[in-house]
Amino acid sequence: MKQHQPHTAAILGGGSFGTAMASILAENGHRTRLWVRDPETAAAINEDRENPRYLPGQSLPEGVHATESLDEVLDGADLVFVAVPSSAFVEVLRQARPKVAEGTLVVSCTKGIHEDGFLLMSQLLKREWDQARIGVLSGPNLAREIVERKFTGTVIASPDEALCQTVQKALSCDYFRVYDNPDIYGVELGGALKNIYAVASGMAAAIGIGENSRSFMLTRALAEMSRFAVELGANPLTFLGLSGVGDLIATCSSSLSRNYRLGHALGSGQDLNQALDALGQTAEGLNTIRLVATRARQLNVYMPLATALYEIIYEGKPLDTMIARLMSGEHKHDVEFSFHGGTA
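Just so it is clear, the model here is predicted, and its values are computed rather than measured.

Asks: Describe the sheet that holds strand S2 (residues 31-35), and please don't skip the residues or the numbers.
Replies: Backbone hydrogen bonds hold the strands of a sheet together, and the pairing may be parallel or antiparallel. The strand order S3-S2-S1-S4-S5-S8-S9-S10 describes an open sheet built from eight strands, whose pairing is mixed. Sheet topology places strand S3 (64-67) and strand S10 (176-181) at the edges, where each strand pairs with a single neighbour. Along the sheet, successive strands turn relative to each other by an average axial angle of 25°, direction set aside. Sheet analysis places strand S1 (residues 8-12) next to S2, joined by five bridges and oriented parallel.

Asks: Account for a negative patch on the surface, with residues named and values stated.
Replies: Together, Asp38, Glu40, Glu68, Asp71, Glu72 and Asp75 line one region of the surface with negative charge. Taking relative accessible area as the criterion, Asp75 reaches 47% and is therefore assigned partly exposed.

Asks: I'd like a rundown of the nonpolar core, residues and numbers included.
Replies: If you look at the biggest cluster of nonpolar residues, it comprises 47 residues, and the most contacted ones within it are Tyr197 and Met322. Looking at this core, the elements with two or more residues in it are helix H8 (184-206), helix H9 (211-231), helix H10 (242-253), helix H11 (258-267), helix H12 (272-279), helix H13 (284-299), helix H14 (304-315) and helix H15 (320-328). In terms of residue count, the dominant contributor to this core is H8 (10 residues). Of all hydrophobic cores here, the second largest spans 37 residues; its members include Phe17, Met21, Leu60 and Val107.

Asks: An account of the environment of Pro52 is requested, with residue identities and associated values reported.
Replies: Structurally, Pro52 can be placed in the loop between helix H2 (39-48) and S3. As for Pro52 and Ser122, which are separated by 70 residues in sequence, their C-alpha atoms are 30 Å apart.

Asks: Please provide a residue-by-residue account of the pattern of salt bridges, values included.
Replies: Opposite charge on two side chains permits them to pair, given that their charged atoms come into close proximity. All chains considered together, the criterion is met by 15 salt bridges. Note that Lys111 and Asp247 form a salt bridge whose closest N and O atoms lie 2.9 Å from each other. Taken together, the positions of Lys111 in the loop between strand S5 (105-108) and strand S6 (113-114) and Asp247 in helix H10 put the pair 136 residues apart, joining distant regions of the chain. Each of the two residues, Lys111 as well as Asp247, counts as buried. When the shortest N-O distance is used, the salt bridge between Arg127 and Glu128 registers 2.9 Å. Residue Arg127 is classed as partly exposed on the basis of its relative accessible area, which comes to 41%. Several salt bridges converge on common partners, so that one network encompasses Glu311, Glu315, Lys317 and Arg325.

Rules and cut-offs
Residues numbered from 1 in each chain as written. Predicted model: local features only at pLDDT ≥ 70, side-chain atom pairs only at ≥ 80, totals over all residues. Heavy atoms only, no water. Pairing = 2+ DSSP bridges. Helix = DSSP H or I, 4+ residues; strand = E, 2+ residues; numbered from the N terminus. Axes fitted to C-alpha atoms, helices over the stretch in contact; angles between N-to-C directions. Patch = residues over 30% accessible without salt bridge, like charges linked within 9 Å, V, L, I, M, F, W, Y side chains within 5 Å. Areas by Shrake-Rupley, 256 points an atom, 1.4 Å probe, with all protein chains shown as cover. Salt bridge = Lys/Arg side-chain N within 4 Å of Asp/Glu carboxyl O. Lys, Arg positive; Asp, Glu negative; His and termini not counted. Charge placed at Lys NZ, Arg CZ, Asp CG, Glu CD. Buried < 20%, exposed > 50% of the residue type's maximum accessible area, 1.4 Å probe, protein only. Core = buried A, V, L, I, M, F, W, Y, C linked by side-chain atoms within 4.5 Å.

See the structure below:
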């Protein structure tokens, strides 16, 4: 789907999702440059049309140009996607800031939380790139399926309506549909929090829970996510959309999810270091579990799954802690924020 007004698009981060976004943008006719740290990966993308580390065997469009130079990738860019791990987010933003022009449209694709101050990625962008217009992209978007052109949807979130419309036009194609939502923090929290429950789901699958149990756990995970996010100012209805329940289902059901695979490895008896070595990629859920469990305790938000995962991973508690926590809580309302005007 060619766009009438092509953008000069920069994607910071040559992992699986950054590469998938670059693939769509190039196919849609935009001038597309992908920043990667590794010169060998850049060469493979440019010469072999493949990202061998993150998306082996997947062919990339000719229009994707990879480079390890931040200056080159940002030169003249009017649309920037940031898809680096949360642990590297601030470092990359500070390196890149001098090349980001006033009014540049910037979209965070990173689903994580910054430890210092419990800041979301959009909040870091506002702090580090105050000259930019900022949005967040989140949804049930497993990168391999995107580059395989399997249809899905995503959400661009920002109170900036013009930014949302621009990103919708830039990314929409016959297999990728883009919806908008002004609730930037709700969408972003959905993307970050669901990684916790993907780890839990992988663990549960490894120990062989049933389908009833899995459905129960996912539903309570959604309640737990929305309860925590509303405490931080999000709209609970956001969690009924693609960036909430949609993303939760995708990442809690698929072996393509890094966080699910990490949980499955842990549930199968591997220790944390073994599981991370086998994964070979960043699993944002691991850090998010620690940060959210701590924050929930400070805010007095009831999150039995997140708390149990923290105890299993960081305190060596047995796996059945998760089920025990879920089954021993108070019997309260099934659906929150509606009939009873309170939380469960």
